[in-house]
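# Structural overview for review
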Amino acid sequence: MKATVKILMMVGLVGTMLSCKSSFNATETMQVEQNRSAIYQEIISNPVQMTDFISEAQKNEEAKKILMKAHMEQMESGNMKMMMDKNPEMKERMQSHMQKMMDKNPEMMQKMQSKMLEKMMESEMGRKMLMNEIHNNKTMKKEMKEKMMQMMDDNPEMMEELMQKMMDKNPEMMKKMKGKMK
């Protein structure tokens, strides 16, 4: 009888231990809005957890694309600029990081420059800023001049069209140019 009681107690103890096993299901937990919000808040309020979360996201290609897209949207919206104005150390680190990336990847540098150029060309103020920058920077001025001369040599019709526009808009400028060409 004592042996039967001991066996029953052992079976009961093992059964109790097995039933206490955790049955956490992340998918089910994330389906409840309150749970999801609580998990998000817990992650973003703890810098270590946030860093771990971003590290995990960086391991997944799809998650990396989402993070990059969100980052680009932040940069384009102007929020990133405001954040950096408030935090000069972050701005310095970001500029240093961008410079390193551009030094390592000239193709990326080319893309960034062309994107910035497109953005500047969209507005009149941007075009004026670009022209001022070109006029004030001797290297840029020389490169632009060479590029324009090459374009005019390659396309004489374009040169004629530009000359005509200049004559129509600003005859004085045309006289100065003709004087420089002689």
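Quick summary incoming for the structure in this document. All of these numbers come straight from a predicted model, not from anything done at the bench.

## Focus: the overall build of the protein
- Counting its secondary structure elements, the protein contains twelve helices and zero strands.
- Secondary structure elements in the protein, listed N-terminal to C-terminal, are α-α-α-α-α-α-α-α-α-α-α-α.
- Relative to its length of 182 residues, the protein is extended, with a C-alpha radius of gyration of 33 Å against a globular reference of 16 Å.
- Its C-alpha atoms give the protein principal-axis dimensions of about 125 × 35 × 30 Å.
- Across the 182 residues that make up the protein, the buried fraction comes to 8%.
- Taking contacts inside the protein between residues at least 6 apart in sequence as the whole, the part at least 24 apart equals 2%.

## Observations regarding the pattern of salt bridges
- Here the structure, examined in full by the defined rule, presents four salt bridges.
- Linking glutamate 56 and lysine 59 is a salt bridge whose minimum nitrogen-to-oxygen distance equals 3.1 Å.
- In this structure lysine 59 comes out as exposed when scored by relative accessible area, which is 63%.
- A salt bridge links glutamate 73 to lysine 69; the shortest N-O distance between them is 4.0 Å. One end of the pair is glutamate 73 and the other is lysine 69, both in helix α5 (residues 61–77) and four residues apart, which spans about a single turn.

## Digging into helix α9 (residues 124–136)
- Look at α9: 18 Å from first C-alpha to last across 13 residues, which is about the 18 Å you get at 1.5 Å a residue.
- Every buried residue of α9 is accounted for by Gly126, Leu130 and Ile134. With its buried residues spanning 75° around the axis, α9 presents them on a single face. Pointing more than 90 degrees away from the buried face of α9 are the exposed residues Met125, Lys128 and Asn136.
- Of the surrounding elements, those touching the buried residues of α9 are α8 (106–122) and α10 (138–154).

## Topic: a nonpolar patch on the surface
- On the surface, Phe53, Ile54 and Leu67 cluster together into a nonpolar patch covering about 250 Å² of accessible area.
- Structurally, isoleucine 54 can be placed in helix α4 (residues 47–58).

## What to know about the packing of α9 against α10
- Contact pair α9 / α10: the axes reach a minimum separation of 5 Å and the direction vectors enclose 105°. Classified by the interaxial angle, the pair formed by α9 and α10 is roughly perpendicular. The segment α9 lies against α10, with Glu133, Ile134, His135 and Asn136 engaging Lys138, Met140, Lys141 and Met144.
- For the contact of α9 with α10, a count of residues per class yields three nonpolar, two polar and three charged.

Criteria and cut-off values
- What you see as residue numbers is a count from 1 along each chain, following the sequence as written.
- Per-residue local features of the predicted model are confined to residues with pLDDT of at least 70, and side-chain atom pairs are confined, for both listing and counting, to 80 or more; whole-chain, interface and lining totals are unaffected and use all residues.
- Neither water nor hydrogens contribute to the side-chain values; these are computed over all heavy atoms in the structure.
- The helix and strand labels rest on DSSP assignments: H or I over at least four residues marks a helix, E over at least two residues marks a strand, and numbering proceeds from the N terminus.
- Note that the radius of gyration is over C-alpha atoms, with the globule rule given as 2.2 Å times the number of residues to the power 0.38.
- Between buried and exposed lies partly exposed: a residue is buried under 20% and exposed over 50% of the maximum accessible area for its type, with that area taken using a 1.4 Å probe on protein chains only.
- Whether two residues touch is decided by their heavy atoms; if any such pair falls within 4.5 Å, the residues are in contact.
- Should a side-chain nitrogen of Lys or Arg be within 4 Å of a carboxyl oxygen of Asp or Glu, the pair is scored as a salt bridge.
- To estimate the expected span of a helix, subtract one from its residue number and multiply by 1.5 Å.
- What the arc describes is the spread of directions from the helix axis to the C-beta atoms.
- Residues qualify for a patch when their relative accessible area is over 30% and they have no salt bridge, like charges being joined within 9 Å and the nonpolar side chains of Val, Leu, Ile, Met, Phe, Trp and Tyr within 5 Å.
- Accessible areas in this description were obtained via Shrake-Rupley with a 1.4 Å probe; residue shielding takes into account the shown protein chains only.
- For helices, the axis comes from a line fit to the C-alpha atoms of the stretch in contact; other axes are also lines fit to C-alpha atoms, and the angle between any two N-to-C directions lies between 0 and 180 degrees.
- These descriptions rest on fixed angle ranges, namely under 35 degrees for roughly parallel, over 145 for roughly antiparallel, 65 to 115 for roughly perpendicular, and the rest for oblique.
- Under this grouping Gly is polar, as are all residues other than the nonpolar Ala, Val, Leu, Ile, Met, Phe, Trp, Tyr, Cys and Pro and the charged Asp, Glu, Lys and Arg.

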